[in-house]
Amino acid sequence: MIRVRDLRVDYDQICAVRDLSLDVGAGEVCGLIGPNGAGKTTTMRAMLGLIEPTYGTIELDGVDMRERPRDACRAVGFMPDFPPMYDDLMCWEFLDLFAASYFVPRGDRPEVIARALELVGLTEKRKAMVAELSRGMRQRLMLAKTLIPDPKVLMLDEPASGLDPQGRIDLKNVVKRLAAVGKAVLISSHILSEMSEFCTSVAIMERGRMVISGTIAEIHDRVIGGTVLVIEVLGATSEFEAIVAADGHTGPFEREGSVFSIRYRGEAEEASELLATLVRSGVRVASFARKREGLEELFLKVGARELS
Amino acid sequence: MGVAELILDNPILIKHIRSRFRPGHALPWFVIVFVLCVCTAWAGHAYDDHYSAILVLLGLQVLALTLGGAHQITASLGGARETGLLDFHRVSPLPPAVVALGFFLGAPIREYALAALTVPFAAFCACFVDLFSLEKGVLWYAQLEAAVLVTTLLVHASFMLGCLTRKKPRGSILGTLIAIGVLLYFGTVGSVGFYFGARWLLENPLSMNLFGAMVPWLPWLILYEACAIGFVGLAVTRKMGAERAHAFTKPQALACMGTLSVLAIAGLWKIGRVLPVVPPYRPTMVDFIILATIYGVSFAAMILAKLITPDVGEYIKGMRRATHEGRRRPSSWSDAGSNRLVLFLLCALVLITTTAVVSVAGKQRFEDPARLGNWWASQPEAIDLMNLSEDAWRASRQEMFSRPIAASVLTVAYFGLASQFFMFRSRRFGLVMLGLFLFAVWLVPILVGAIVAMGNTPTAESRALAIISLSPLPGVALCSGLDTVPGADTIRLAAVAPPITFAFIFNYLLVIIQRKLDRQLRDQAKAPGPEFATVRPELV
């Protein structure tokens, strides 16, 4: 759905995006992560054709952006972080404007608009002036506008900024639902904890370059090298430490009171074996959890590595 | 998308119709204009001055369409560009021409409706404006109405282009003040001219020159304004499609210049025969027209040269792309390519146009000095001028205008080269440096010349004129020998020497800086070097 190869974007004499390649398939939700100035928005704007890339190929839904920009744009829904709107229109008029812009047949427009408003919970505000909407409602209306043409590719730049908790939950559900019906979603956001809940893959950018990209599990394995076992042990820990040290998949561990955090390169099978060994040896295991580190930790690790 | 669909189902136009015709906002305006129309028509009819009533109603239209309409275009399009809404339209599958048309017709839609409200009243008055012929009055009014409409379209298109090319989309306070000043001036002067001009048009059929054939003024005006609207519209569409794009591609700029050339030649073809018969004195009206054409065509070429000149950022981007695609440098016809080739062609067009105008303008018709009285009959110069054959006239004009043409072509050349050099030198300060350079070579000589002219020495005047001629603004006219001035040879030299010198200097500097940029970029492409290296061109 989204295919970017060797993308380079220069602003005057500064290279904003350098040799970036990215793939987002159908049904995939990809989080574009990076600090301010990493080149996330530039990448998105180049993908939309708003910035002319120095070179590189961008394909959206199989259509080359450079050769057939209008056809490529037809497949894309874009939502920026601070959505500008026509304040002098009513909500339905605003959506109708973009429905017509995306060639939704005139007869279908009322139904499409009603469905979009319902999806974002703004049915009651159908005839309200856009100027009267709160920041969060404007964001919802913008999401409705983005979904109006039923795009195959969605690009959302900080979509959750300004949304209230309910709005964020709704957004999360909408994104999950869209991915489930085969849309490719590219989201740029700073709220990593939320992104980890619905992103199936991430692409981490740093100073205009793609540092790493792939599914969260892949990146986790490549960056952190496995999972973390968090084990709470009651009583003496010497035997526990000996068993853990003898296990071939464990790495260094940290201890906080009776809770041990152990780097673990094994899979679920090996972890269950370790637990069984501990129990058989009489170690009093109060809790045993195998978890992956969140996007925030991942991002910090990758970022720290790059910067170092 | 058909033409009807393009207009009737244009989303941007519909958006404007919805927002601009909300009763709360629109109704008061319609009431005001309706009352004004009723009062004007009634007063015109009651006092049997239908002519003034029509002009007041047309004035109202002009006010609504130019002032109000242009303001609405600036507010709507400028606002959309400023807030980023225009980007939504850019990424929609709607073609840029449709978006442009939507703003073009939509933003001033209420003003069009207000203007349309005045039409029945003006048409009513037109029925009585000529006591003897209803048809004549109505036709006269219809022609004026068409002229107002076509001119409005041109004004709106120009404002749209301004909105899309300015750094501040809605314009600065200074720009607004200048616009108000210009509108007040031209409004005052224009209304007086319009009043008497319209009266003249009512009583006399006006024809205009087109390749020597006389055509009615309205088709002539529509032809010229349609060409202008077409090219401005082309630029607007291009800017609507992409913020980063130049207003014209290089071929479009050449096409624009070519069209301007053809229109200039068409309008001035044998103009001498069309002009009124006057006593034989120099400089003649034809000479002034030729000189004005030289200035006009040169300025148009300079504006086009500036529009197609890439800055250093664009050039570097183009170079990197070219290198990536295995080419040496960006094509001279692409936006990123240096302006040199197209500048050369623009200069060639200026040369061809001005030379052609001098050749085709034809001899002006003069009254016989013998019939004008003894004084005229005793003037040998007047008699010589009267007796010049068509060929001799042409030869004398070609001789007279060869230097102004050379000076103006070279001025266009060095302006374009300097513009390219400064934009390669620094993107941010390139324009400032160009402005300073032009101030130094165009305005400072006039200032210094004026100071020298204040001296009481016998040679002050000739010295002052020689210094003033260093600037092409007066220099082009002064070196023509249109009027007898002291120190004519020095003036000719002073007018032609700086353009030649600057053209050579800037051509050399441009070659050097372009080579430096090319070398730096090629070196960078060969060796990856530091990750985020920047190119910093240095001046020779």
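Residues numbered from 1 in each chain as written. Chains lettered and ligands numbered in written order. Predicted model: local features only at pLDDT ≥ 70, side-chain atom pairs only at ≥ 80, totals over all residues.

1. Notes on the overall build of chain B
Our working rule: In this description a helix means any DSSP run of H or I spanning at least four residues, a strand means any run of E spanning at least two, and both kinds are numbered starting from the N terminus. Three exposure classes are used. Buried residues have 20 or more other C-beta atoms within 10 Å of their own C-beta, exposed residues have 12 or fewer, and partly exposed residues fall in between, all C-beta atoms being placed from the backbone. Contact between two residues is assigned when their C-beta atoms, built from the backbone, lie within 7 Å.
The secondary structure content of chain B amounts to 23 helices and 2 strands. For chain B, the spread of C-alpha atoms along the principal axes amounts to about 80 × 75 × 45 Å. Burial status across chain B gives 39% buried among its 540 residues. Contacts in chain B between residues far apart in sequence, at least 24 positions, make up 76% of those at least 6 positions apart.

2. Section: the overall build of chain A
Within chain A, the secondary structure is distributed over 11 helices and 14 strands. Taking the principal axes of its C-alpha atoms as reference, chain A extends roughly 75 × 50 × 30 Å. Out of the 308 residues in chain A, the part that is buried amounts to 44%. Once local pairs closer than 6 in sequence are excluded, the contacts in chain A between residues at least 24 apart make up 68%.

3. Describing the interface of chain B and chain A
Heads up, the condition is: As a working rule, the residues Ala, Val, Leu, Ile, Met, Phe, Trp, Tyr, Cys and Pro are called nonpolar, Asp, Glu, Lys and Arg charged, and the rest polar, with Gly in that last group.
Each partner contributes to the interface: chain B provides 28 residues, whereas chain A provides 29 residues. Among the secondary structure elements, those contributing two or more residues to the side of chain B that touches chain A are helix 2 (11-20), helix 5 (85-90) and helix 14 (312-324) of chain B. Examining the composition of the side of chain B that touches chain A, we find that 6 residues originate from one element, helix 14 of chain B, more than from any other. Of the residues that constitute the side of chain B that touches chain A, the class distribution is 10 nonpolar, 8 polar and 10 charged.

4. Concerning unusual backbone geometry
Residues and elements named next belong to chain B. The phi angle at Phe-211 is positive, at roughly 50 degrees, despite the residue not being glycine. For Lys-270, which is not a glycine, the phi torsion comes out positive at approximately 50 degrees. The topology assignment puts Lys-270 in the loop between helix 11 (250-268) and helix 12 (271-274). By C-beta crowding, Lys-270 is classed as partly exposed, having 15 other C-beta atoms within 10 Å.

5. Side note on the sheet that holds strand 12 (residues 250-256) of chain A
In any sheet, the strands associate via hydrogen bonds between backbone groups, in a parallel or an antiparallel arrangement. All names here are of chain A. Put simply, the rule is: A pair of strands is treated as paired once DSSP finds two or more bridges between them. To get an axis, fit a line to the C-alpha atoms, keeping to the stretch in contact for a helix; angles then go from 0 to 180 degrees between the N-to-C directions.
Spatially, the 4 strands line up as an open sheet ordered 12-13-11-14, and their pairing is antiparallel. At either margin of the open sheet sits one strand with a lone partner, and together these are strand 12 and strand 14 (284-291). Each strand of the sheet is rotated relative to its neighbour by a mean of 20 degrees, with strand direction disregarded. Here 7 bridges tie strand 11 (residues 227-234) to strand 14, and the two strands are oriented antiparallel to one another. Bridge pairing in strand 14 places Val-228 opposite Lys-291. Against the sheet, helix 10 (residues 268-280) touches strand 11, strand 13 (259-264) and strand 14, its axis set at about 170 degrees to strand 14.

6. Here we look at the packing of helix 13 (residues 285-307) of chain B against helix 15 (residues 340-360) of chain B
Residues and elements named next belong to chain B. Using the following cut-off: By definition in this entry, angles of less than 35 degrees are roughly parallel, angles greater than 145 are roughly antiparallel, angles of 65 to 115 are roughly perpendicular, and the rest are oblique. In this scheme, a crossing is called left-handed if the near helix is turned counterclockwise away from the far one by less than a right angle; it is called right-handed if the turn is clockwise.
Orientation of helix 13 relative to helix 15, taken along the N-to-C sense of each, is 165 degrees, at an axis distance of 10 Å. Taken together, the axes of helix 13 and helix 15 lie roughly antiparallel to each other. Between helix 13 and helix 15 lies a crossing whose hand is right-handed. Residues Ile-290, Thr-293, Ile-294, Val-297, Ser-298, Ala-301, Leu-304 and Ala-305 of helix 13 form the contact with helix 15, whose own contacting residues are Leu-343, Leu-346, Val-350, Thr-353, Thr-354, Val-357 and Val-358.

7. Things to note about the confidence of the model for chain B
Residue and element names in this part refer to chain B. Selection criterion: A residue's pLDDT is the predictor's confidence in that residue, given on a scale from 0 to 100.
Model confidence for chain B is summarised by a mean pLDDT of 88, while 95% of its residues fall at 70 or above. Across residues 529-540, confidence stays below pLDDT 50; counting only partners more than four residues off in sequence or on other chains, it has 22 contacts. For this predicted complex, the interface confidence reaches an ipTM of 0.82, while the overall pTM sits at 0.85.

8. Quick word on the nonpolar core
To keep it simple, the criterion reads: Connectivity within a nonpolar core runs through C-beta atoms within 7 Å, and the core itself is a set of buried Ala, Val, Leu, Ile, Met, Phe, Trp, Tyr and Cys residues.
Met-160, Ala-301, Leu-304, Leu-346 and Val-412 of chain B are the most contacted members of the largest nonpolar core, which has 101 residues in total. The dominant element in this core, judged by the number of residues it contributes, is helix 19 (residues 390-425) of chain B, at 15 residues. With sequence-adjacent residues up to four places away left out, Met-160 of chain B is seen in contact with Ile-73, Leu-77, Phe-103, Phe-104 and Val-236 of chain B. In this structure, Ile-51, Ala-75, Leu-117 and Leu-122 of chain A belong to the second largest nonpolar core, which totals 83 residues.

9. So, the domain arrangement of chain A
We count it as follows: For the purposes of this description, domain bounds are those given by an automatic or database domain assignment.
Splitting chain A by domain gives domain 1 (2-220) and domain 2 (225-291). Centre-to-centre separation of domain 1 of chain A and domain 2 of chain A, based on C-alpha positions: 42 Å.

10. So, the sheet that holds strand 6 (residues 76-79) of chain A
Residue and element names in this part refer to chain A. Pairing within the open sheet is mixed, and its 6 strands lie in the order 6-7-8-3-9-10. Here the strands that pair on one side only, and so sit at the sheet edges, are strand 6 and strand 10 (209-215). Adjacent strand axes in the sheet meet at a mean angle of 15 degrees when their direction is disregarded. Bridging between strand 7 (residues 153-157) and strand 8 (residues 184-188) involves 5 bridges; their strand directions are parallel. Paired with Leu-156 across the strands is Ile-187, a residue of strand 8.

11. Regarding the pairing of strand 10 of chain A
Side chains on a regular strand alternate between the two faces of the sheet. Relative to strand 10 of chain A, strand 9 (residues 201-206) of chain A is paired through 6 bridges, and the arrangement is antiparallel. Residue pairing across strands places Ser-201 of chain A opposite Thr-215 of chain A, the latter belonging to strand 10 of chain A.

12. So, the environment of Ala-336 of chain B
All names here are of chain B. Mapped onto the elements, Ala-336 comes out in the loop between helix 14 and helix 15. Ala-336 sits in the buried class, given 23 other C-beta atoms within 10 Å. If we ignore the near neighbours within four places in the chain, the residues touching Ala-336 are Pro-310, Glu-314, Tyr-315, Lys-317, Gly-318 and Pro-330.

13. Overview of the environment of Ala-245 of chain B
Residues and elements named next belong to chain B. Counting through the fold element by element, Ala-245 comes out in the loop between helix 10 (217-241) and helix 11. Between the C-alpha atoms of Ala-245 and Ala-235, which are 10 residues apart in sequence, the distance is 9.5 Å. Contact partners of Ala-245, with chain neighbours within four places excluded, come to Arg-238, Lys-239 and Asp-335.

14. Focus on the packing of helix 14 of chain B against helix 23 (residues 488-526) of chain B
Residue and element names in this part refer to chain B. One way to put it is that helix 14 packs onto helix 23 with a least axis distance of 10 Å and a crossing angle of 45 degrees. The pairing of helix 14 with helix 23 is recorded here as oblique in orientation. Relative to helix 23, helix 14 is oriented so that their crossing is right-handed. Residue-level inspection shows Tyr-315, Ile-316, Met-319, Arg-320 and Thr-323 of helix 14 in contact with helix 23, the latter providing Leu-517, Asp-518, Leu-521, Arg-522 and Ala-525.

15. Some words on the environment of Leu-50 of chain A
Tracing the chain through its elements places Leu-50 of chain A in the loop between helix 1 (40-48) and strand 4 (55-60). Residue contacts for Leu-50 of chain A: discarding those within four places in its chain leaves Arg-45 of chain A together with Asp-87, Arg-90 and Val-91 of chain B.

16. Considerations on the confidence of the model for chain A
On average, residues of chain A score 85 in pLDDT, and 97% of them reach the 70 mark or higher. When pLDDT is averaged over each element of chain A, helix 3 (residues 91-101) of chain A comes out on top at 94 and helix 11 (residues 295-307) of chain A at the bottom at 64.

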